[in-house]
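Single-letter residue listing:
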Amino acid sequence: MDKRACNSQDAEVRKGPWTLEEDLILINYIRNHGEGVWNSLARSAGLKRTGKSCRLRWLNYLRPDVRRGNITPEEQHLIMELHAKWGNRWSKIAKHLPGRTDNEIKNFWRTRIQKHIKRAETFSSTGQITEHNDQASTSQTASFADAAEFYSPTYPEIFESFAGGSFPIEPSDNIWSMEDIWSLQ
DNA sequence: AATATAGCCAACCGCCACTGT
DNA sequence: TACAGTGGCGGTTGGCTATAT
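Residues numbered from 1 in each chain as written. Chains lettered and ligands numbered in written order. Predicted model: local features only at pLDDT ≥ 70, side-chain atom pairs only at ≥ 80, totals over all residues. Heavy atoms only, no water.

Trainee: How do you make sense of the packing of aromatic side chains when you look at a structure like this?
Mentor: Here the distance between the centres and the angle between the planes together describe a pair of aromatic rings. Using the criterion set out here, one finds 1 aromatic pair in the structure. When the ring of Trp90 is compared with that of Trp109, the centres are 6.1 Å apart and the planes differ by 50 degrees; the resulting orientation is tilted. Placement of the pair is Trp90 in helix 5 (residues 90-95) and Trp109 in helix 6 (residues 102-124), with a sequence separation of 19 residues. As far as burial versus exposure is concerned, Trp90 and Trp109 are alike and both buried. The ring of Tyr61 carries Arg57 above its face, with NZ or CZ at 4.0 Å from the centroid. (Phe/Tyr/Trp six-rings, centres within 6.5 Å; stacked < 30°, edge-to-face > 60°. Helix = DSSP H or I, 4+ residues; strand = E, 2+ residues; numbered from the N terminus. Buried < 20%, exposed > 50% of the residue type's maximum accessible area, 1.4 Å probe, protein only. Lys NZ or Arg CZ within 6 Å of the ring centre and 35° of its normal.)

Structure, rendered in structure tokens:
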């Protein structure tokens, strides 16, 4: 599929950040024709993007039901629980967090949770901590309590943060909000 | 005030599974 | 059955922003 761009049209494929104009084109096109068949959608809409790029942009950013902003403590708990259960099955985890995308959850995990895990490991490296598989893919735990049991012996710092409701979350506002974009329609 | 460093996140890449012909 | 096209997923990266020095 995505094996190499080799014809003359592919030479014009745009990459990098999406512009507001491109966003509007994509939103309008999907509004009129629906989503799916992304390659032909990209061509028909006149976007110099791959179908994959259009799909990703729509699913992760432009969809009206995408929730932006802070991950709530409840969502953090759920992510921890589901990750303990399924490992890095981000899309599966995302299905249980309405409005959240797999990409967002993946980024959240990598930037926030893994950071804490690393710190915990560094902190305890002089102690008895053992190497841990953060994928947790083999774990069959099924509840938050189980997840806590699974993670907390190794990463107590993380669960302390949860318990105190002080898990560090910074605001992550967008340059323009989706309300702004949709209001332009 | 200028520069260096760290953190965050949008987007791309490569692989695999599914479907239609 | 084999092949090509497409969609979906997880991993990775590049650039922007915030913070520290």
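Trainee: I tried to follow helix 4 (residues 73-86) on my own but got confused; where do I start?
Mentor: Three- or four-residue spacings in an α-helix give side chains the same orientation, since the helix completes a turn every 3.6 residues. Between its terminal C-alpha atoms helix 4 stretches 20 Å, which fits the 20 Å expected from 14 residues at 1.5 Å a residue. Turning to helix 4, its buried residues number three or more, namely Glu75, Gln76, Ile79, Met80, Glu81, Leu82, His83, Ala84 and Trp86. Of the residues trailing helix 4, Gly87 is marked for its positive phi of about 75 degrees. (Expected span 1.5 Å × (residues − 1).)

Trainee: Hey, could you run me through the pattern of salt bridges in this one?
Mentor: When the charged atoms of two side chains lie near each other, side chains of opposite charge can form a pair. Counted by the stated rule, this structure contains 7 salt bridges. Among the ionic pairs, Glu22 bridges to Arg14, the shortest N-O distance being 2.8 Å. The class of Arg14 is partly exposed, set by a relative accessible area of 33%. Across the pair Arg67 and Glu75 runs a salt bridge whose closest N-O atoms are separated by 2.8 Å. Three or more residues joined by partner-sharing salt bridges are found here, namely Arg67, Glu75, Arg100 and Glu104. (Salt bridge = Lys/Arg side-chain N within 4 Å of Asp/Glu carboxyl O.)

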